[in-house]
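# Coordinate analysis (summary)
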Amino acid sequence: MVTELGPAIRTRPTLAVWKFASCDGCQLTLLDCEDELLGLTERVRIDHFVEMTPAEGADRERARLEGRGPYDLSLVEGSISTAEDAERIQHVRHISRYLVTIGACATAGGIQALRNFVDVNDFLAAVYAQPEYIATLETSTPISAHVPVDFELRGCPIDRRQLLEVINAYLAGRKPQISNHSVCFECKRRGTTCITVAHGTPCLGPVTHAGCGAICPAYGRGCYGCFGPSSKPNLRAMIAQLRHDGMSERDIQRVFRTFNAASPDYAPVPDLAAEEQQSPPA
Ligand code: SF4
Ligand code: SF4
């Protein structure tokens, strides 16, 4: 989702990076921009980023969370999985001019959204010795389910080139140039032989958002959908192809639920997989 952009952000704008329920992998992608990071810091003041704050300053940074800002651009990683998260994201939205969500956790609830399909108490009992001390919501939800979001950047983790494009676009006051096409486009562009056509390997590339550079097919394994749904994914055709390539109804449900479990685009998958099961591949 992209909102209308105003004029370019003022000189030396401020950037904030926020963490919610996540593994920190998407924040690390920003730190991984080694060649570009110094240039970026000349154009933008990174004003809040606990992940890159020295340990001795991190507690102070956390203590300053409330009441800070405003920030010109906020990057938000992670999903909303506690009542405290749900309150804090309102505050982050309030103090941010533009809010961009980064990664599968922030855009689709992430791996932790697997709880959305079962009783969360079953997970608590299985993982924690004393689950009564754990306070969590029954679901893990994307940031856009709670506050307006200016742009959603997909991936688990995100791609650094796409991240830099989004940051540069907001600094320049223009729309980010991020294609909505599928991994198949990237696969063809790099000249990879289609492993589904050549070997019958199940691959989610036709319905998965581009951004990774089609790495997995290039190394002989099927895309497993970490960048989430591409624009208008043809799920019915994809599920028929997965069945043709040997996947069961259960396997199809599981492969769609790995990283982007709570994506609304994938909601029809169980019904479509059950339908396909009743009409076995020709
Ligand atoms: S999207 Fe993936 S890499 Fe990014 S924070 Fe979530 S689990 Fe980690
Ligand atoms: S290998 Fe997968 S991503 Fe590549 S063209 Fe074939 S189906 Fe698409």
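Keep in mind that this is a model prediction, so the values were computed, not measured.

Within the structure, ligand 2 sits among Val183, Cys184, Cys187, Lys188, Cys194, Ile195, Thr196, Cys203, Gly205, Pro206 and Pro217. Within the residue set of the shell around ligand 2, elements represented by two or more residues are α8 (183-189) and α9 (195-199). The leading source of residues in the shell around ligand 2 is α8, at four residues.

All residues in the neighbourhood of ligand 1 are listed as Ser22, Cys23, Asp24, Gly25, Cys26, Glu77, Gly103, Ala104, Cys105, Gly155, Cys156 and Pro157. Only α1 (25-31) and α5 (104-108) provide two or more residues apiece to the shell around ligand 1. Considered class by class, the residues forming the shell around ligand 1 number six nonpolar, four polar and two charged.

Quick look at the nonpolar core now. Counting residues in hydrophobic clusters, the biggest one holds 23 residues, and the most contacted among them are Leu30 and Leu75. Of all the elements in the fold, those that place two or more residues in this core are β1 (14-19), α1, α2 (34-43), β2 (45-49), β3 (71-77), β4 (96-102), β5 (151-153) and α7 (160-172). Broken down by element, the residue count for this core peaks at five residues, all from α7. Contact partners of Leu75, with chain neighbours within four places excluded, come to Leu15, Ala16, Val17, Trp18, Leu30, Val100, Ile102, Leu163 and Ile167. With 19 residues, the next largest nonpolar core counts Val183, Leu204, Leu242 and Leu272 among its residues.

Okay, the pattern of salt bridges next. Taken as a whole and judged by the stated rule, the model has seven salt bridges. One salt bridge in this structure joins Glu165 and Arg174, with 2.8 Å as the shortest N-O distance. For Glu165, a relative accessible area of 18% puts it in the buried group.

Another aspect to go through is the sheet that holds β1. One open sheet holds the five strands; their spatial order is β2-β1-β3-β4-β5, and the pairing between them is parallel. Bordering the open sheet on either side are β2 and β5, each of which pairs with just one other strand. In this sheet, neighbouring strand axes are inclined to one another by 25° on average, regardless of whether the strands run parallel or antiparallel. Pairing of β3 with β4, which is carried by six bridges, proceeds in the parallel orientation. Directly across from Val76, in β4, lies its bridge partner Thr101. Its contacts with the sheet put helix α4 (residues 83-94) on β1, β3 and β4, and the angle it makes with β4 is roughly 130°.

This brings us to the packing of helix α11 (residues 235-244) against helix α13 (residues 269-278). Orientation of α11 relative to α13, taken along the N-to-C sense of each, is 50°, at an axis distance of 10 Å. Taken together, the axis directions place α11 and α13 in an arrangement best described as oblique. Taken as a pair, α11 and α13 cross one another with a handedness that is right-handed. Every residue of α13 that contacts α11 at Leu235, Arg236, Ile239, Ala240 and Arg243 is listed here: Val269, Leu272, Ala273, Glu275, Glu276 and Gln277. Here the contact of α11 with α13 is built from residues that sort into six nonpolar, one polar and four charged.

Turning our eyes to something else, we now look at helix α12 (residues 249-256). Listed as buried for α12 are Ile252, Val255 and Phe256. The buried residues of α12 all sit within an arc of 95° when viewed along its axis, so they share a single face. The outward face of α12, more than 90 degrees from its buried face, is lined by the exposed residues Arg250 and Arg254.

This paragraph deals with the environment of Val207. Mapped onto the fold, Val207 is located in the loop between α9 and α10 (215-218). Between the C-alpha atoms of Val207 and Met238, which are 31 residues apart in sequence, the distance is 7.2 Å. When near neighbours in sequence (up to four residues on either side) are disregarded, Val207 contacts Gly228, Pro229, Ser230, Pro233, Asn234, Met238, Phe256 and Tyr266.

The next point concerns the domain arrangement of the protein chain. When cut into domains, the protein chain gives domain 1 (14-172) and domain 2 (183-276). Here the C-alpha centroids of domain 1 and domain 2 sit 26 Å apart. Overall, the association of domain 1 and domain 2 removes approximately 1200 Å² of surface from exposure, summing both partners, and the carbon and sulfur fraction of that is 59%. Looking only at domain 1, the three residues that lose the most surface to domain 2 are Ala108, Phe117 and Arg154, adding up to 42% of its buried area. Seen at the junction of domain 1 and domain 2, the total is zero salt bridges. Between the two partners, domain 1 and domain 2, sit two residue pairs in polar contact (both at pLDDT 80 or more). Its residues placed into classes, the side of domain 1 that touches domain 2 shows nine nonpolar, five polar and three charged.

Running from N to C, α11 and α12 cross one another at 125°; their axes reach a closest spacing of 10 Å. Put simply, α11 runs oblique to α12. Crossing handedness for the pair α11 and α12: right-handed. On α12, the residues that touch Leu235, Met238, Ile239, Leu242 and Arg243 of α11 are Ile252, Val255 and Phe256. Taken together, the residues of the contact of α11 with α12 break down into seven nonpolar, no polar and one charged.

About the cut-offs
Residues numbered from 1 in each chain as written. Chains lettered and ligands numbered in written order. Predicted model: local features only at pLDDT ≥ 70, side-chain atom pairs only at ≥ 80, totals over all residues. Heavy atoms only, no water. Near = heavy atom within 4 Å. Helix = DSSP H or I, 4+ residues; strand = E, 2+ residues; numbered from the N terminus. Nonpolar A, V, L, I, M, F, W, Y, C, P; charged D, E, K, R; others polar. Core = buried A, V, L, I, M, F, W, Y, C linked by side-chain atoms within 4.5 Å. Buried < 20%, exposed > 50% of the residue type's maximum accessible area, 1.4 Å probe, protein only. Contact = heavy atoms within 4.5 Å. Salt bridge = Lys/Arg side-chain N within 4 Å of Asp/Glu carboxyl O. Pairing = 2+ DSSP bridges. Axes fitted to C-alpha atoms, helices over the stretch in contact; angles between N-to-C directions. Parallel < 35°, antiparallel > 145°, perpendicular 65-115°, else oblique. Left-handed = near helix turned anticlockwise from the far one by under 90°. Arc of directions from axis to C-beta. Domains from an automatic or database assignment. Buried area = accessible area lost by both parts, 1.4 Å probe. Polar contact = N/O pair within 3.5 Å; in protein donor to acceptor, adjacent residues only side chain to side chain.

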